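# Chain and residue survey
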Amino acid sequence: FLMIRRPPRATPLYSSAASDVYKRQIIYNKVHEYVKALGSTQIIHFAEGWFNMYKKHDFQEFHCHPGRHLSVIYVLKSTKENPKIIFERNEGLYTQNFDVDTSSLTSKVQYSSVQGNLLIFRSSLHHCVEMQTHSEERISLAYNFNLKKI
């Protein structure tokens, strides 16, 4: 898991096509650095990306991204009051004959939605966004990547 904090001075949010390409390239480069830091020599392939806009009472329930290897959340716009991004690792066991109480085996980690932060994580990691409780928008970009052998 990797979180990259934004530089100390704020960068204005532009919506030009050139700015969008620049942001995608930065994100791709950071994912490449992350994969390299893990000791992998695999090639990164973009799978899909989308734009998230959270208004008052919006949220995202726990989910993961099956069939993908790495996921990214890039926070474009937020305030101190914005909801947290929560990651959950569930190590519980379940079969038809045996059920373990998974609440004692679950680890949760929370990150504030800080403008400019980039979160890179395994796509199989369950995550959610808390409910937005105020009227200020929270905007983020999300991407999924696959890794392939050279």
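Report on the accompanying structure. Model, not experiment: these values are computed from the prediction.

## Let's talk about the overall build of the protein chain
Regarding its fold elements, the protein chain presents 1 helix and 9 strands. N-terminal to C-terminal, the α/β element order of the protein chain is β-α-β-β-β-β-β-β-β-β. The buried share of the protein chain, reckoned over its 150 residues, is 33%. Partitioning the contacts of the protein chain with sequence separation of at least 6, the portion at a separation of at least 24 is 85%. On the protein chain, roughly 9700 Å² of surface is accessible, and the fraction owed to carbon and sulfur atoms is 54%.

## A look at the pattern of salt bridges
Applying the stated criterion across every chain yields a total of 5 salt bridges. Here Glu-48 ties to Arg-68 by a salt bridge, and the two come within 2.9 Å at their closest N and O atoms. In this pair, Glu-48 sits in strand E2 (residues 43-54) while Arg-68 sits in the loop between strand E3 (60-63) and strand E4 (70-77), placing the two residues 20 residues apart along the sequence. By relative accessible area, Arg-68 is classed as partly exposed at 28%. Note that Lys-108 is salt-bridged to Glu-88, the shortest N-O span being 3.8 Å. One end of the pair, Lys-108, is in strand E6 (residues 106-111); the other, Glu-88, is in strand E5 (residues 85-90), with 20 residues separating them in the sequence. Salt bridges sharing partners connect three or more residues here, namely Lys-77, Glu-136 and Glu-137.

Parameters and conventions
Residues numbered from 1 in each chain as written. Predicted model: local features only at pLDDT ≥ 70, side-chain atom pairs only at ≥ 80, totals over all residues. Heavy atoms only, no water. Helix = DSSP H or I, 4+ residues; strand = E, 2+ residues; numbered from the N terminus. Buried < 20%, exposed > 50% of the residue type's maximum accessible area, 1.4 Å probe, protein only. Contact = heavy atoms within 4.5 Å. Areas by Shrake-Rupley, 256 points an atom, 1.4 Å probe, with all protein chains shown as cover. Salt bridge = Lys/Arg side-chain N within 4 Å of Asp/Glu carboxyl O.

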